[in-house]
Amino acid sequence: MSDTRTGAQIMCEALIREGVEVLFGYPGGAIMPFYHALPEYPQLRHVLVRHEQAAGHMAEGYARASGKVGVCVATSGPGATNLVTAIADAMMDSVPIVAITGQVAAQFIGKDAFQETDVTGITQPITKHNYLVTDVADLAYVFKEAFHIARTGRPGPVLIDVAKNAQQARTVPQWPDRVNLPGYKPTYEGNRRQIREAIRLIGAAQKPLILAGRGVLEAGAMAELRELAERTGIPVITTLHGIGCFPENHPLALGMPGMHGWVHNNRAIQECDLLINIGSRFDDRVTGKTSTFAPHAKIIHIDIDPSEIGKNIRVDVPIVGDAQNVLRAMLEELPPRECRAWVEHIYRIREQHMPRQQYTRPDTDMFMPHDFFTVFSRIINERGPYRVCTDVGQHQMWAAQLIEWRHPYTHITSGGLGTMGFALPAAIGVQIACPDETVWAVAGDGGFQMNIQELATIRQERLPVKIAIINNGYLGMVRQWQELFHERRYSATPLWNPDFVKVAEAYGIPGICVTHQSQVEDAINAAYATDGPILLEFQVEREVNVYPMVAPGASIHEMITESPMEVV
Amino acid sequence: MKHTLVALMQDRPGVLNRVVSLFRRRGFNIESLSVGHTETPGVSRMTIVVDGSQTNVEQVIKQLYRLIEVLKVSDVTHDPTVARELVMVKVHAPASRRAEINSLATVFEARIVDVAHDSMILELCANPDKVENFIDLVRPFGIREMLRTGRVAMVRGAHAHAGDPYVKVA
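Every value quoted in this text rests on a predicted model; they were computed, and no experiment measured them.

## Observations concerning the overall build of chain B
Piece 1. Helix and strand content of chain B: 5 helices and 9 strands.
Piece 2. In chain B, the succession of helices and strands from N to C terminus is β-α-β-β-α-β-β-α-β-β-α-β-β-α.
Piece 3. The principal-axis extents of the C-alpha atoms in chain B amount to approximately 60 × 35 × 30 Å.
Piece 4. A burial count over chain B gives 44% of its 170 residues as buried.
Piece 5. Looking at chain B alone, contacts between residues at least 24 apart form 72% of all its contacts between residues at least 6 apart.
Piece 6. Only carbon and sulfur atoms are counted for the fraction: they give 52% of the accessible area of chain B, which is about 8800 Å².
Piece 7. Mean positive and mean negative side-chain charge positions of chain B (22 and 19 charges, respectively) differ by 5 Å.

This is the structure we're talking about:
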C-alpha cells in the first residue's frame, strides 16, 4: 500500500511533473482534500486570492509573462462559477491556463447537491477542452493531457473538474509517458506551396503591409518578423495584442490599427495591395466593417488555428502553422526588396495627422491623461525591465497608443473579452513570474474597483506591484460612447469613488494622489523609490475622449479625430 | 445546397454535447445529425447535414476540428454515396383503407410493422428523396404520428472512413 496515493496527492505530483511552481486559488468544501495534500508539497507555492475571478486573471498574467502554463484552483459551485470570467478571458486571448475545480462526490452529481454546479457544461464553450474526473485512476493522464492541450497549438484554457471522491480515493498512479490524443495534432509547419505563393505576392506588391498580432509573441517569432520587415522594407502594424512583437522605436513600426488605431494605419490598410497578417485573428475592433476592409489587398494569413482563416475576412493565401516556422521558411527564399515610396506615403499621412491625433490641450490647466502616459512611457523605458498590465477602457487605449512599447511580453491586457478588473490580479501573476522586474497595474477608477480586494493578496504575499489609477470619475469609455452616440445621456456612468489612497492605506499599502501634471514625474519616481507596493491615483480631466476613433459599424478609414466631429 | 458531412470522433462522455453546442454557439444550422458506434471500439461516427446557403460549411469543418475528440471530418457531398434515412409513420387506417395503404407500402418496399384497430405503423428505410416521396403519398391517409431519423451516409467503393487508423496511430 505504500505506493498508493490519494487522488489529491496525485494531483499535486502531476502539477510538479508539469513544471508548475505556483497556484492561485481559494479553498472550499469540494476541493478540501486537495488543500489537505498541498502542504506535503512545499515546491508548490499557493497564492491565496480574495476572489476566484482574480485567481484566474493571476494565472493569465503569470502565463503571459512567464511563457508557462498558469494554474488556478477553486472549489465547486460558486468557486468554479467565479472562475468563469477569467476562463472566458483566457479563451478569447489564447492564454494557456489550467483551471482546477473541486466537484461534489460522484454519487451526488446530478442530485443538486450543496455547491454542485455543472461546471464542465458551463465552461464547455469557453475552454479549449475540459474534463470531469470521477475516478482516481483517470487523474494522472487527465492532468498530462490538460497541460499538453493548454500549451500546444493555439494555447488556451483547460478546466479539470475533480469529484471529491476522486481526490480522496487511493491508487497507484500510472504516469503516462506521452499523451494519447489522436484527434489533436496541431500543424506547426506551413504548407510549402502556400509559402512560395506568399513570397511571390510579396515580390509583386507595390503597397505591402504587415499586420502582426499575438501569434508572433506566442511563437517567439520577433526576430523573424524583424528580419522580414527589414529585408523587404514593409512597414509593420501591431494589433493591441501584438504590442511589443516589433519595437515601436523602429523606423518601420507604425503602431496600432483599428477602432482606436492611428489614422495612417487605417488609411494604409485601406490603400495597401498586400496585407500580410501574422498571428492576428481579424477581430472586429481591427477590421471595422468587414465588407470594406482592405478592399484592394491580396491577403496572406498566417495562423496556427485553421478555423481563424476565412472566419472574418476572405484570404488569398492561407498558411496554417507556427509563425516562427512559417516566417523562417519564408525567409529562406525571400529576396530583398524595398518599398520606399509607399512607406514615405504612409509617413506623410502620419505627419499630417499625428499632432492632431495626439490630443488638443483644452484651455485649462486641468491634468490630461495623456500627460500621465507620455511621462510614464519615458520613465519606464529609462528605468529598465518593466511589465505593464492594463485594465479595460479609455486608459487601456491611451496606454496602447501613447506608451512607446519596445519589448515583447511587456504589455498585458484583456483584449478579446475586455474584462474590467483584469489589471490588478494580472499584475500579481506577472509579479510572481517576474520578481525582479517593475510590474505596473494601470487601471481606470471603474475597473480597479472590480477586483480592489486583491490589494490584500498583494500585501499578504509581499509583492511590490506598482499601481496607477487613472481616475476621471466616470466609466470613461462608456461615457465617451454616450457622448458621441447616445445624445450625451450619461446614464449610470458617473462614479462616486472612495479615497483610493486611504483604501490602499487600509490594506497596508502607501498611496499618493496626484492632481496636477507637475506632480506626475515625482509620483512615478516615488513609486520606483518605494521598496514594495504603492498606489498612485491620478485625478485627470473628467471628460476626455480617446481619439482617433472609428464609430461602431463604420469602415476603418472613416475616423473621428477631435470634436467637433471631424471625419478624415 | 445541402452538405453531408461525415465525422469520426472518440467516444468519450459529452462529445455529442460538445458538437451540438458548437453548432448552437456559432449559429450553425443543423438539418440533421445522427450518431452511433462504428466498427472500431471507442470511435463514434456522425453524419451531419448542413445547408450551405445558411452556414459556412468550411467553418463548420474547421470548428469541428477544434474539438479535441474529433478525429476526422469529411464533406462527402460530391462523393458517390449511399444515403439512408429511416421513417416510421402511424397512419389512420380503418379497415376500408388498409388494402390501399398496403399496396402503397408494397410499391415503396415499406414494411407494415404494426396493425391496430384503426391504425397501422409503416416503416421505410431508404434514401432521403424516396422517404420524402413516401411521406407525401401517405399523408392523405392521415398521419397520426411520425418520426424520422437523421440521414446516414457512406461513400461507395473501396474508399473508407474507418475509425481504425486513428486509434492505431494512437
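## Considering the interface of chain B and chain A
Interfaces are often sized by the accessible area lost when the parts come together.
Piece 1. Taken residue by residue, the interface counts 19 residues in chain B and 24 residues in chain A.
Piece 2. Summed over both partners, the interface of chain B with chain A comes to about 1700 Å²; 47% of that surface belongs to carbon and sulfur atoms.
Piece 3. Ionic pairing is found between A:Asp305 and B:Arg66, a salt bridge with its closest N-O pair at 3.6 Å.
Piece 4. Linking chain B with chain A are 7 residue pairs in polar contact (both at pLDDT 80 or more), by the criterion used here.
Piece 5. Of all the secondary structure elements, the ones that give two or more residues to the side of chain B that touches chain A are α1 (15–26), α2 (57–66) and β4 (70–75) of chain B.
Piece 6. Each residue belonging to the side of chain B that touches chain A can be placed in one class, and the counts come to 5 nonpolar, 7 polar and 7 charged.

## Structural notes on the environment of B:Ser21
Residue and element names in this part refer to chain B.
Piece 1. One can find Ser21 in helix α1.
Piece 2. According to the relative accessible area criterion, Ser21 is buried, its value standing at 13%.
Piece 3. Expressed as a C-alpha distance, the spacing of Ser21 and Thr55, which sit 34 residues apart in the sequence, is 15 Å.

## Here's the deal with unusual backbone geometry
Residues and elements named next belong to chain A.
Piece 1. Omega for the peptide link from Tyr547 to Pro548 comes to -5 degrees, which places this bond in the cis form.
Piece 2. Following the sequence through the fold, Pro548 ends up in the loop between β20 (534–539) and β21 (549–550).
Piece 3. Phi is positive for Ala294, close to 45 degrees, though the residue is something other than glycine.
Piece 4. Among the secondary structure elements, Ala294 is positioned in the loop between α12 (284–287) and β13 (298–303).

## What about the side chain of A:Asp391?
Residues and elements named next belong to chain A.
Piece 1. Residue placement: Asp391 occurs in the loop between β15 (386–390) and α16 (394–402).
Piece 2. Buried charged residue Asp391 carries no salt bridge. Nearest counter-charge: Arg64, at 12 Å.
Piece 3. Within the structure, Asp391 has its side chain in polar contact with the backbone nitrogen of Ala423 (distance 2.9 Å).

## Topic: a nonpolar patch on the surface
Residue and element names in this part refer to chain B.
Piece 1. Together, Leu16, Val20, Ile30 and Val35 give the surface a local cluster of nonpolar side chains, amounting to about 270 Å² of exposed area.
Piece 2. Only α1 and β2 (30–37) provide two or more residues apiece to the nonpolar patch.
Piece 3. Tracing the backbone through its elements, the reader meets Val20 in helix α1.

## Observations regarding the packing of aromatic side chains
Residues and elements named next belong to chain A.
Piece 1. Throughout the structure, instances matching the rule amount to 14 aromatic pairs over all chains.
Piece 2. Aromatic side chains Phe282 and Phe293 sit 5.7 Å apart centroid to centroid with 75 degrees between the ring planes, which places their arrangement in the edge-to-face category. Linking Phe282 in the loop between β12 (274–278) and α12 with Phe293 in the loop between α12 and β13, this pair joins segments that are 11 residues apart in sequence.
Piece 3. Phe282 sits in the buried class, given a relative accessible area of 2%.
Piece 4. Relative to Phe500, the ring of Phe448 has its centre 5.9 Å away and its plane inclined at 75 degrees; by these criteria the two rings are edge-to-face. Within this pair, whereas Phe448 is found in helix α18 (residues 445–448), its partner Phe500 is found in helix α21 (residues 500–506), the two being separated by 52 residues in sequence.
Piece 5. Owing to a relative accessible area of 0%, Phe500 belongs among the buried residues under this scheme.
Piece 6. Members of the aromatic cluster, each reached through a chain of ring pairs, are Phe367, Phe372, Phe373, Phe376, Trp440, Tyr528 and Phe538.
Piece 7. Sitting over the face of the ring of Tyr474, Arg479 holds its NZ or CZ atom 5.4 Å from the ring centroid.

## Focus on the sheet that holds strand β4 (residues 70–74) of chain A
All names here are of chain A.
Piece 1. Judged by pairing direction, the sheet is parallel, and its 6 strands sit side by side in the order β3-β2-β4-β5-β7-β6 without closing on themselves. Each end of this open sheet is capped by a strand with a single partner; those strands are β3 (45–48) and β6 (129–133). Sheet twist, expressed as the average angle between the axes of neighbouring strands with direction ignored, equals 20 degrees.
Piece 2. Pairing analysis gives 2 bridges linking strand β2 (residues 22–25) to β4, with the strands arranged parallel. Counted as the bridge partner of Phe24 is Cys72 from β4.

## Quick notes on the environment of A:Cys272
All names here are of chain A.
Piece 1. Following the sequence through the fold, Cys272 ends up in the loop between α11 (263–271) and β12.
Piece 2. For Cys272, a relative accessible area of 0% translates into the label buried.
Piece 3. Taking the C-alpha atoms as reference points, Cys272 and Glu558, 286 residues apart in sequence, are found 16 Å from one another.
Piece 4. Once residues within four sequence positions are removed from consideration, Cys272 is found in contact with Lys207, Leu209, His296, Ala297 and Trp342.

## Remarks on the packing of helix α10 (residues 222–232) of chain A against helix α13 (residues 323–333) of chain A
All names here are of chain A.
Piece 1. The interhelical angle for the contact between α10 and α13, taken along N-to-C directions, is 35 degrees, at an axis separation of 9 Å. The handedness of the crossing between α10 and α13 is left-handed. Contacts between α10 and α13 involve Glu224, Leu225, Glu227, Leu228 and Arg231 from the first element and Gln324, Leu327, Arg328 and Leu331 from the second.

## Remarks on the pairing of strand β6 (residues 111–115) of chain B
All names here are of chain B.
Piece 1. Of the strand pairs in this sheet, β6 and strand β7 (residues 119–126) are connected by 4 bridges, and their pairing is antiparallel. Following the sheet pairing, Arg111 is matched in β7 by Glu123.
Piece 2. Counting the residues between successive antiparallel strands, the hairpin from β6 to β7 contains 3 residues.

## Digging into the nonpolar core
A general trend in soluble globular proteins is that nonpolar side chains are found buried together.
Residues and elements named next belong to chain A.
Piece 1. Counting residues in hydrophobic clusters, the biggest one holds 66 residues, and the most contacted among them are Leu209, Ile210, Leu225, Leu275, Ile278, Ile300 and Met330.
Piece 2. The dominant element in this core, judged by the number of residues it contributes, is α13, at 6 residues.
Piece 3. Setting aside chain neighbours within four positions, we find Ile278 in contact with Ile210, Leu211, Ala212, Gly213, Val216, Leu225, Leu228, Ile302, Ala323 and Leu327.
Piece 4. Grouped together as the second largest cluster of nonpolar side chains are 51 residues, Met58, Ala80, Ala90 and Val465 included.

## Some remarks on helix α20 (residues 476–485) of chain A
All names here are of chain A.
Piece 1. Here α20 lies mainly inside the structure; 7 of its 10 residues are buried.
Piece 2. Inspection of α20 places Gly476, Met477, Arg479, Gln480, Gln482, Glu483 and Leu484 among the buried residues, and these make up the whole buried set.
Piece 3. Next to the buried residues of α20 lie α16 and β21.

## With respect to the sheet that holds strand β3 (residues 43–51) of chain B
Residue and element names in this part refer to chain B.
Piece 1. A sheet is described by the order of its strands in space; here 4 strands give the open sequence β2-β3-β1-β4, paired in antiparallel fashion. In the strand order of this sheet, the two ends are held by β2 and β4, each with one partner. The sheet shows a mean angle of 15 degrees between the axes of neighbouring strands, taken without regard to direction.
Piece 2. Sheet analysis places β2 next to β3, joined by 7 bridges and oriented antiparallel. Paired with Ser34 across the bridge in β3 is Thr47.

What counts and what doesn't
Residues numbered from 1 in each chain as written. Chains lettered and ligands numbered in written order. Predicted model: local features only at pLDDT ≥ 70, side-chain atom pairs only at ≥ 80, totals over all residues. Heavy atoms only, no water. Helix = DSSP H or I, 4+ residues; strand = E, 2+ residues; numbered from the N terminus. Buried < 20%, exposed > 50% of the residue type's maximum accessible area, 1.4 Å probe, protein only. Contact = heavy atoms within 4.5 Å. Areas by Shrake-Rupley, 256 points an atom, 1.4 Å probe, with all protein chains shown as cover. Lys, Arg positive; Asp, Glu negative; His and termini not counted. Charge placed at Lys NZ, Arg CZ, Asp CG, Glu CD. Buried area = accessible area lost by both parts, 1.4 Å probe. Salt bridge = Lys/Arg side-chain N within 4 Å of Asp/Glu carboxyl O. Polar contact = N/O pair within 3.5 Å; in protein donor to acceptor, adjacent residues only side chain to side chain. Nonpolar A, V, L, I, M, F, W, Y, C, P; charged D, E, K, R; others polar. Patch = residues over 30% accessible without salt bridge, like charges linked within 9 Å, V, L, I, M, F, W, Y side chains within 5 Å. Phe/Tyr/Trp six-rings, centres within 6.5 Å; stacked < 30°, edge-to-face > 60°. Lys NZ or Arg CZ within 6 Å of the ring centre and 35° of its normal. Pairing = 2+ DSSP bridges. Axes fitted to C-alpha atoms, helices over the stretch in contact; angles between N-to-C directions. Left-handed = near helix turned anticlockwise from the far one by under 90°. Core = buried A, V, L, I, M, F, W, Y, C linked by side-chain atoms within 4.5 Å.

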